[in-house]
Amino acid sequence: MTEPGVAEAQERPGIIDAVPVRHPGRYVAIAVIAVLVLMFLHMVLTNPAFNWPFVFEAMNQSIVIEGFIKGTLMCTVLAMFFGVIGGVILAIMRLSTNPVLRAVSWAYTWFFRAIPRLVLLTIMGVLGILFPLNRGGLSFGVPFDWVFIDWLGLSGDWRFYSVDANTLFSGFIGAIIGLAASEAAYMAEIARAGINSVDRGQMEAAQAVGMSRSLAMRRIVLPQAMRVIVPPTGNETIAMLKDTSLLIALPLSTEMFFQLSQIGARTFQLFPVFVAATLYYLIATSVLMVGQAYLEKRFGRGFGTTVTATKDKAASGLQAGAAK
Amino acid sequence: MSETQHNPTHLVRAVNVIKHFGSNEVLKGVDLTVDRGEVVCLLGPSGSGKTTFLRLINQMETLTGGRIWVDDELIGLVERNGKLHVRKDSDIARQRSRIGMVFQRFNLFPHMTALENVTEAPTKVKKIPKAAAQAEARQLLEMVGLAERASYYPAQLSGGQQQRVAIARALAMKPDLMLFDEPTSALDPELVGEVLKVMRDLAAGGTTMIVVTHEMAFAREAADRVVFMDAGVVVEEGPPNDVLLDPQHERTRNFLRRVKDEREAEIAYEEETARALEDLGGA
């Protein structure tokens, strides 16, 4: 009797068709999760507290949509725009050879990272108290003008422009100043890490062809640093989107969460309006994630994260052209 | 003072160059003069200060003592009313733009194509129109044998190709002087030749070059003069055949002997491999 195993052993081993390791635990986990998901969906769809018609009605209110566009999206975009620019400037200051600039950058980052955003925005809301209108509000002009005027025996003032500090520090402008000021501190650390991640030889090579430090920073170092800066900046943007809900502390009345809360308070339908807010934040965050993926690809050029075939290069060239 | 007298045939004149890194004295008074169109190879054991000397010429480091002139201009310093002043950054950038430098690690800009690497400085520093800069860059890439690789990113090129792009990038600024800092040390052995060929062509074309290298064959063939440095001083200099074949100083002899021993071991190994391959072919 010839055993099949022996006959096979004389042949050379070929294609492997082996029985995979079984994972019975996986099936148990799938079953448990399926039950939990079903229970959750059932609750979401049948629990009267959700009051879905009201959720969609609340989402459809023009004042809520306006709050989403102006209060949530616009504030996120503008606060991040100024926050990123501020952060890059702070990072460059921090890495400069000038000790005063380094110290200022360090102190700024220390101060604004130490203050919770909710507290910062609350303080912003009452900051008008520092520059009351009966003392001229917040003015721009010659520093310490009253001292010089007193010395020269003149009267009047040397202030060219005055604003009501209450309008500056509260409302939409205040919201952007507050959030951007806080964001700049975080972005400074991210940008500094990015700039430091670029090989020193890059700055040397750029300077060797006659570029100034600032030109080399702009054209050579920062574009490479972006590869390291973009992913955490995406996270910061998503965090900022959610932190716009803190503008309730300022308060910014055009902000979405503020408006939805007001509707909830008026109609005693608190839970549905919170669901409505959650849905808005989910939608906006999903869109931002797509944008982040695109940016990461864009700034990964030349680093092997993009496929190296020539036909791909034509495509990325088109993308780059479209981005310009 | 005769030291400040300018001789128009001299392109580089270094007098008593001293460089300290903290308490570490890397250069202890180097004198070197390079004429226009001359190719000078700096040889010497690692740590002898040859790379530091090269980096001082291009102000990648600042001088501790001594003076360097390129053309008739003092490098990094300017004399006003009998007092030395440190040059402004913009002035240093202008001086650097007249000196091309090729690095051991290439240091190409990885986010730019080969062509963009070459056009970057002419368009952004010299403000040459883009089309003209590109036409010139294509000529330079053609000269280093990489015309068809113009749209490749550095990561898509071999080390030898990257170094040739780096040479084209340095040449794009039409420098008076080219500095090479061990341009072939980071390359795989089979890629060294293509870079040395470009450098030989440059040398033959009359470019003034200072080359820090370990390639003795290149030094013999392409250099007008060889300078042997050790422990921060110039030990010996002269025509390559004199210094390399008939060294006068013990330190030069020791260094060359070491290089020769290494080379012989390499050749013996290569011959053994070649014989083994021949036997294989016969079987």
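Enquirer: Just checking my understanding: could you explain the overall build of chain A for this structure?
Expert: Counting its regular elements, chain A contains 14 helices and two strands. Counting the 324 residues in chain A, one finds 35% classified as buried. The long-range share in chain A, meaning contacts at least 24 apart out of those at least 6 apart in sequence, stands at 72%. For chain A, the exposed surface amounts to about 19,700 Å²; the carbon and sulfur share of it is 68%.

Enquirer: Sorry if this is basic, but what is going on with the interface of chain A and chain B here?
Expert: Many analyses report the size of an interface as the accessible area lost when the parts associate. Contact with chain A, which involves 23 residues of that partner, is made by 26 residues of chain B. For the pair chain A and chain B, the summed buried surface comes to about 2,200 Å²; carbon and sulfur atoms form 59% of the total. At the junction of chain A with chain B, the criterion picks out five residue pairs in polar contact (both at pLDDT 80 or more). If you list the elements that add at least two residues to the side of chain A that touches chain B, you get α10 (200-208), α11 (213-243) and α14 (310-323) of chain A.

Enquirer: Any chance you could explain helix α3 (residues 52-60) of chain A here in plain terms?
Expert: Each turn of an α-helix holds 3.6 residues, which means side chains three or four residues apart point in the same direction. Residues and elements named next belong to chain A. Within the span of α3, buried status applies to Phe54, Val55, Ala58 and Met59. Buried positions in α3, seen along its axis, are confined to an arc of 135° and lie on one side of it. Counted as exposed and oriented over 90 degrees from the buried face of α3: Pro53 and Asn60. Structurally, α3 contributes buried residues whose contacts are with α4 (62-94), α12 (256-267) and α13 (270-299).

Enquirer: Any chance you could explain the pairing of strand β4 (residues 65-70) of chain B here in plain terms?
Expert: Each regular strand carries side chains that alternate between the two faces of the sheet. Residues and elements named next belong to chain B. Burial of β4 is extensive: five of the six residues sit out of reach of the surface. Direction of pairing for strand β1 (residues 10-21) relative to β4: antiparallel, over a ladder of five bridges. Each bridged residue has a counterpart across the sheet, and for alanine 14 the counterpart in β4 is isoleucine 68. Here β4 pairs with strand β5 (residues 73-74) via two bridges, running antiparallel. Residue tryptophan 69 lies in a different strand from β5, and its bridge partner there is leucine 74. Adjacent in sequence and paired antiparallel, β4 and β5 are bridged by two residues, among which aspartate 71 carries a positive phi angle near 60°.

Criteria and thresholds
Residues numbered from 1 in each chain as written. Chains lettered and ligands numbered in written order. Predicted model: local features only at pLDDT ≥ 70, side-chain atom pairs only at ≥ 80, totals over all residues. Heavy atoms only, no water. Helix = DSSP H or I, 4+ residues; strand = E, 2+ residues; numbered from the N terminus. Buried < 20%, exposed > 50% of the residue type's maximum accessible area, 1.4 Å probe, protein only. Contact = heavy atoms within 4.5 Å. Areas by Shrake-Rupley, 256 points an atom, 1.4 Å probe, with all protein chains shown as cover. Buried area = accessible area lost by both parts, 1.4 Å probe. Polar contact = N/O pair within 3.5 Å; in protein donor to acceptor, adjacent residues only side chain to side chain. Arc of directions from axis to C-beta. Pairing = 2+ DSSP bridges.

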